[in-house]
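The primary structure of each chain is shown beneath.
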Amino acid sequence: TPRVFSGIQPSGGLTLGNYLGAIRRFVDMQNEGIQTIYCMVDLHAITVWQDPAALRRQTRELAAGYIAAGLDPARSILFNQSQVPEHAQLAWIFNCVARMGWMQRMTQWKDKAGKNSQNASLGLFAYPALMAADILIYHATHVPVGEDQKQHVELTRDIAAKFNHDYKVDFFPMTEPVIEGTATRVMSLRDGSRKMSKSDPSDMSRINMTDDADTISQKIRKARTDADALPSETDGLKDRPEARNLVSIYAALSDMTMAEVLADVGGKQFSEFKPMLAELAVAKLAPISTEMARLMQAPEEIDAILGRGAADARAIAAPILEKTYEIVGMVRS
Ligand code: AQP
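Analysis parameters
Note on numbering: residues in each chain are counted from 1, in written sequence order. Given that the model is predicted, a residue must reach a pLDDT of at least 70 before its local features are reported, and side-chain atom pairs must reach 80 or more before they are shown or counted; all residues, however, enter totals for whole chains, interfaces and linings. Secondary structure follows DSSP: runs of H or I at least 4 residues long count as helices, runs of E at least 2 residues long count as strands, and numbering of each begins at the N terminus. Counting other C-beta atoms within 10 Å of a residue's C-beta gives its exposure: the residue is buried at 20 or more, exposed at 12 or fewer, and partly exposed in between, where C-beta atoms are placed from the backbone. Residue pairs qualify as contacts under a 7 Å threshold applied to their C-beta atoms, which are placed from the backbone. What a helix should span is 1.5 Å times the count of its residues minus one. A residue's bend is the angle separating two fitted axes: one through the seven residues that end there, the other through the seven that start there. Each domain span listed reflects an automatic or database assignment of domains. Gly counts as polar in this scheme, as do all residues outside two lists: the nonpolar Ala, Val, Leu, Ile, Met, Phe, Trp, Tyr, Cys and Pro, and the charged Asp, Glu, Lys and Arg. Should the C-beta atom of a residue, placed from the backbone, lie within 6 Å of a molecule or strand, that residue is near it.

Let's talk about the environment of I327
1) Next: By the element assignment, I327 lies in helix α13 (residues 299–328).
2) Next: For I327, a count of 17 C-beta atoms within 10 Å translates into the label partly exposed.
3) Next: For the pair I327 and V169, spaced 158 residues apart in sequence, the C-alpha separation works out to 8.2 Å.
4) Next: Residues in contact with I327, not counting those within four places in the same chain, are Y167, V169 and F171.

Dropping the structure here:
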């Protein structure tokens, strides 16, 4: 039976990239009636320094974002990772299964550690092993993610396969990434070669789910573009990453294909298209940010939802961890 797991780091506010690349798929899968488990991965967030008060607020805000975007705590299990200790426990075993060379090849590690990798945390290096544990502690079969996380889901399969091989079992499943939609890789508004990211130092590079209408409009107006008019077919977006990005955001928000959007707006200048995009973005995002703000008024209710979610998650995770320990040869008494 299919079981879906995914998570987002509470390492900042939610961006339009997280929404279009991940959360919208989370909601679709919940609404298809599949068992869905969605996490705020706070243990992952601290692989780079987080101010404790900010981490708490961002975790609750991420939960509010999930719910405001359509996740229903009665139908999806919602919780923060650190309340289910089985994630970290399985991650240790996977640290002993995964190889240093596998981790060194990860593009996220290379991007985030940068040139000064001797100064990066050990946790940042081991990030993908914890992610594999997040997924496999539920025997999840499908993981909805943005394009940037594809490599980590493939590594999860490598870890599962090596574990199964080393212990001569058929225990962990080969999880499939689910990368769907027209905006699986939303790019920075300031640089069409970088993905939109919640930790980008420039706030103008991203649209936050909590931005007000004026801020959204201003960011889109100032978004970097080339000087040409929009093409009328998708072929014309080749070598125009900024134009492609804005068209794909428009397509995703309006539930159209890029070709359909270009059939409508081909020939227009950005001075005309940007206000259309701003209006659409405000119309789609304002109800979510309003609901997020309302939910944030009652943080104790959010915490109660996460507590119940964690209990439900542990009910699935604990027996899988016990079985794993037994396979590995740990004495239980
Ligand atoms: N720009 C993006 N376009 C499409 N999908 C995206 N995702 C992130 N950015 C984009 C997807 O959102 C989910 C959660 O990501 P994450 O927070 O766990 O880690 P991340 O990919 O590192 O996201 P950020 O926003 O860039 O956070 P920081 O800056 O803290 O690293 C994933 O499914 C991801 O694919």
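Still to come is the rest of the account.
Some remarks on helix α7 (residues 122–136)
1) Next: For α7, which comprises 15 residues, the first-to-last C-alpha distance of 21 Å matches the rise-based estimate of 21 Å (1.5 Å per residue) to within 8%.
2) Next: Helix geometry: α7 is bent most strongly at P128, by close to 45°.
3) Next: Of the positions making up α7, those classed as buried are Y127, P128, A129, L130, M131, A132, A133, D134, I135 and L136.

A word on the domain arrangement of the protein chain
1) Next: What the domain assignment reports for the protein chain is domain 1 (3–178 + 298–328) and domain 2 (203–294).
2) Next: Placing a centre on the C-alpha atoms of domain 1 and another on those of domain 2 gives a separation of 30 Å.
3) Next: Listed per partner, the contact involves 11 residues of domain 1 and 10 residues of domain 2.
4) Next: Elements with a minimum of two residues in the side of domain 1 that touches domain 2: α1 (16–31) and α3 (52–68).
5) Next: At 4 residues, α3 tops the list of elements feeding residues into the side of domain 1 that touches domain 2.
6) Next: Of the residues assigned to the side of domain 1 that touches domain 2, the class counts are 7 nonpolar, 3 polar and 1 charged.

Looking at the site of the ligand
1) Next: In the neighbourhood of the ligand, 21 residues make up the surrounding shell, with G17, G21, G146, S197 and S199 lying closest.
2) Next: With 4 residues, α1 is the single largest residue contributor to the shell around the ligand.

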